[in-house]
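Results of the structural survey
Below, each chain spelled out in residue letters.
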Amino acid sequence: GENVEQHPSTLSVQEGDSAVIKCTYSDSASNYFPWYKQELGKGPQLIIDIRSNVGEKKDQRIAVTLNKTAKHFSLHITETQPEDSAVYFCAAIGNQGGKLIFGQGTELSVKP
Amino acid sequence: GAGVSQSPSNKVTEKGKDVELRCDPISGHTALYWYRQSLGQGLEFLIYFQGNSAPDKSGLPSDRFSAERTGGSVSTLTIQRTQQEDSAVYLCASRPDGGTGELFFGEGSRLTVL
């Protein structure tokens with residue numbers, strides 16, 4: 001079955017700096033890769049996703065890149081702000097849907 | 001609008017007792033997931049329901065865990081003979097249909113087993 005590894009587990013940056021979180025997946029049939037943000041005491045919320053027919057996707061300060069050959073994908077946050085502080089999860093799923101497997105999470109701390 | 005609703009939000013029980021956790025998905029959503037999040041850990045897949053298909057139970061950690069989804073809507077996760085290692089936040093999520101796309105999560109049920 002699918003296995004998703006996520007690094008780093010914690011990340012601390014200064015406000016205004018960039019943050020990068022990386023994930024690898026094991027199932028070459030996976031073709032949908034979402035990223036979720038979880039704030040304290042809340043359920044995770046989707047922030048951006050990418051499908052395997054695309055190499056990069058941007059939404060304002062957030063971008064995701066996908067390398068299908070290497071089976072890894074990354075989240076990039078530019079011009080970080082204190083409100084970006086949260087736990088971020090990557091995930092992967094095959095095109096038949098079904099089981100969505102999450103990485104272990106990255107706790108991002110943005111220091112003012 | 002109404003999101004995914006989970007109850008209870010907090011549950012404290014004694015080791016060996018049974019517990020039931022409830023999830024009300026967004027109306028009309030056919031896909032429903034349960035995940036477990038232990039303290040400081042990731043999201044561990046438990047079970048997935050899609051429409052009238054047989055559920056994917058491959059993530060249930062033991063036969064003490066079971067889940068039902070009645071009428072394609074409300075779901076109940078039952079843990080029998082609870083153990084201390086069952087202490088975690090249990091998250092439910094729903095999606096409009098099968099396939100891929102955004103999951104909408106509830107705020108979770110925090111279970112503490114003494």
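A short tour of the structure in this document, coming up. Residue numbers here run from 1 along each chain, matching the order of that chain's written sequence. Here chains are named by letter from A upward and ligands by number from 1 upward, in the order in which they appear as written. Under the rules for a predicted model, residues below a pLDDT of 70 receive no local features and side-chain atom pairs below 80 are neither given nor counted, while totals for whole chains, interfaces and linings still include all residues. Side-chain figures throughout are based on the complete set of non-hydrogen atoms in the structure, without hydrogens or water.

A few points about the pattern of salt bridges
Close approach of charged atoms allows side chains of opposite charge to pair. Spelled out, the test is: Should a side-chain nitrogen of Lys or Arg be within 4 Å of a carboxyl oxygen of Asp or Glu, the pair is scored as a salt bridge. We count a stretch as a helix when DSSP gives it H or I for four or more residues in a row; a strand needs E for two or more, and each element gets its number in order from the N terminus. Relative accessibility thresholds used throughout: buried, under 20% of the residue-type maximum; exposed, over 50%; partly exposed, between the two (1.4 Å probe, protein chains only).
If you walk through the whole model with that rule in mind, you get seven salt bridges over all chains. Notably, a salt bridge pairs Asp84(A) with Arg61(A), separated by 2.9 Å at the nearest N-O pair. Of this pair, Asp84(A) sits in the loop between strand E8 (72-77) and strand E9 (86-94) while Arg61(A) sits in the loop between strand E6 (56-59) and strand E7 (62-67); the two residues are 23 residues apart in sequence, bridging distant segments of the chain. As a salt-bridge pair, Arg64(B) and Asp86(B) come within 2.8 Å of each other at their nearest N and O atoms. With Arg64(B) in the loop between strand E5 (44-50) and strand E6 (65-69) and Asp86(B) in the loop between strand E7 (75-79) and strand E8 (88-95), this residue pair connects regions lying 22 residues apart in the sequence. You can call Asp86(B) buried: its relative accessible area is 1%.

Examining the environment of Thr10(A)
All names here are of chain A. With respect to the helices, strands and loops of the structure, Thr10 is situated in strand E2 (residues 10-14). The class of Thr10 is exposed, set by a relative accessible area of 53%. Linking Thr10 and Ile21, residues eleven residues apart in sequence, is a C-alpha distance of 9.6 Å.

Let's talk about unusual backbone geometry
Residue Pro8(A) is bonded to the preceding His7(A) through a cis peptide linkage, with omega at -5°. Here Pro8(A) shows up in the loop between strand E1 (4-7) and E2. Look at the link from Ser7(B) to Pro8(B): it is a cis peptide, with omega at -10°. Its identity is not glycine, yet Gln60(A) carries a phi of approximately 60°, on the positive side. The class of Gln60(A) is exposed, set by a relative accessible area of 79%. A positive phi angle, near 45°, is found at Arg81(B), a position not held by glycine. Here Arg81(B) shows up in the loop between E7 and E8.

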